[in-house]
Amino acid sequence: MKSKLVHVELDDSGLPCRIFRDRSWRNFPEDHIAIMTKADAVKAIRERVYERCGGDSPAGGELHECERCGRYIRWDSFEMNEKIPKGSGGEVSLSNCEALCHDCHQGHPDSAHGNRRWQSAKIKSEEGH
Ligand SMILES: [Zn+2]
Ligand SMILES: [Zn+2]
């Protein structure tokens, strides 16, 4: 599968902080723009979101915490949520994305996607009767 190329914004550290959805990258200085595959761009931003919620563990090493409830999360199990969903114009960016545990993301009625998911589960069960 050929990976799609996207324009990304680089912040002052030179790392990706946002994937442009439109052509507004044209208004940015050249050294704040990069072109990369969408997969690489999403991965880079995911890494930074994860990094943001991390800190040193008193026992050594690093701990990362869910940005809503503070529960410990791990790289292979945390879920990246877009606060403004893509369908509503949200971007994959440091400011629009948060690192959540499964419960805060969709595993609970009042989680980020809880309403939608629990509502449709309810409709399904009502249809079944
Ligand atoms: Zn959580
Ligand atoms: Zn989400």
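Predicted model, so just to flag it, every value in this text is computed and none were measured.

**A look at the overall build of the chain**
Right, so step 1: Summing up its helical and strand segments, the chain has 3 helices and 8 strands in all.
Right, so step 2: For the chain, restricting intrachain contacts to residue pairs at least 6 apart in sequence, the fraction spanning at least 24 positions comes to 47%.

**Concerning the nonpolar core**
Right, so step 1: With 16 residues, the main nonpolar core has C66, A99, L100 and C101 as its most contacted residues.
Right, so step 2: At the level of secondary structure, the elements contributing two or more residues to this core comprise β1 (5-10), α1 (38-52) and β8 (97-100).
Right, so step 3: Once residues within four sequence positions are removed from consideration, L100 is found in contact with C66, E67, R68, F78, E79, N81, H105 and A112.

**Some points on the sheet that holds strand β5 (residues 62-65)**
Right, so step 1: Strand order across the open sheet formed by 3 strands is β4-β5-β6, with antiparallel pairing between neighbours. The strands lining the two open edges of the sheet, one partner per strand, are β4 (54-56) and β6 (72-73).
Right, so step 2: The sheet contact formed by β4 and β5 spans 3 bridges and is antiparallel. Looking at the pairing, G55 lines up with L63 of β5.

**Structural notes on the sheet that holds β1**
Right, so step 1: Read across the open sheet, the 3 strands follow the order β2-β1-β3; overall the sheet is antiparallel. Edge positions in the open sheet fall to β2 (16-19) and β3 (33-37), since each of these has one partner strand only. Strand-to-strand twist of the sheet, defined as the mean angle between neighbouring strand axes without regard to direction, takes the value 45°.
Right, so step 2: Two elements, β1 and β2, share 3 bridges in a ladder whose sense is antiparallel. Looking at β2, one finds that V8 is bridged to I19.

**A closer look at α1**
Right, so step 1: Given a rise of 1.5 Å per residue, 15 residues ought to cover 21 Å, and the 21 Å separating the end C-alpha atoms of α1 matches this to within 8%.
Right, so step 2: Those residues of α1 that sit buried are A41, I45 and V49. Projected down its long axis, α1 shows its buried positions confined to an angular sector of 70°, all on one face.
Right, so step 3: Where the residues of α1 are buried, they touch β1, β2, β3, β7 (79-82) and β8.

**A few points about the pairing of β1**
Right, so step 1: Pairing of β1 with β3, which is carried by 5 bridges, proceeds in the antiparallel orientation. Within the sheet, the bridge partner assigned to V6 lies in β3 and is M36.
Right, so step 2: Where β1 folds back on β2, the antiparallel hairpin that results is connected by 5 residues, among which G14 adopts a positive phi of roughly 85°.

**Concerning the environment of T37**
Right, so step 1: Examined against the element boundaries, T37 turns out to sit in strand β3.
Right, so step 2: Placed 35 residues apart in sequence, T37 and K2 show a C-alpha to C-alpha distance of 9.2 Å.

**Brief notes about the pairing of β8**
Right, so step 1: Residue alternation in β8 divides its side chains into two sets, C97 and A99 and E98 and L100, and both sets are buried.
Right, so step 2: Here β7 runs beside β8; their pairing, made up of 4 bridges, is antiparallel. In the sheet register, M80 faces β8, and the bridge partner there is A99.

Cut-offs used in this document
Residues numbered from 1 in each chain as written. Chains lettered and ligands numbered in written order. Predicted model: local features only at pLDDT ≥ 70, side-chain atom pairs only at ≥ 80, totals over all residues. Helix = DSSP H or I, 4+ residues; strand = E, 2+ residues; numbered from the N terminus. Contact = placed C-beta atoms within 7 Å. Core = buried A, V, L, I, M, F, W, Y, C linked by C-beta atoms within 7 Å. Buried ≥ 20, exposed ≤ 12 C-beta atoms within 10 Å, placed from the backbone. Pairing = 2+ DSSP bridges. Axes fitted to C-alpha atoms, helices over the stretch in contact; angles between N-to-C directions. Expected span 1.5 Å × (residues − 1). Arc of directions from axis to C-beta.

Fair warning: the whole summary comes from geometry, so function is off the table for now.
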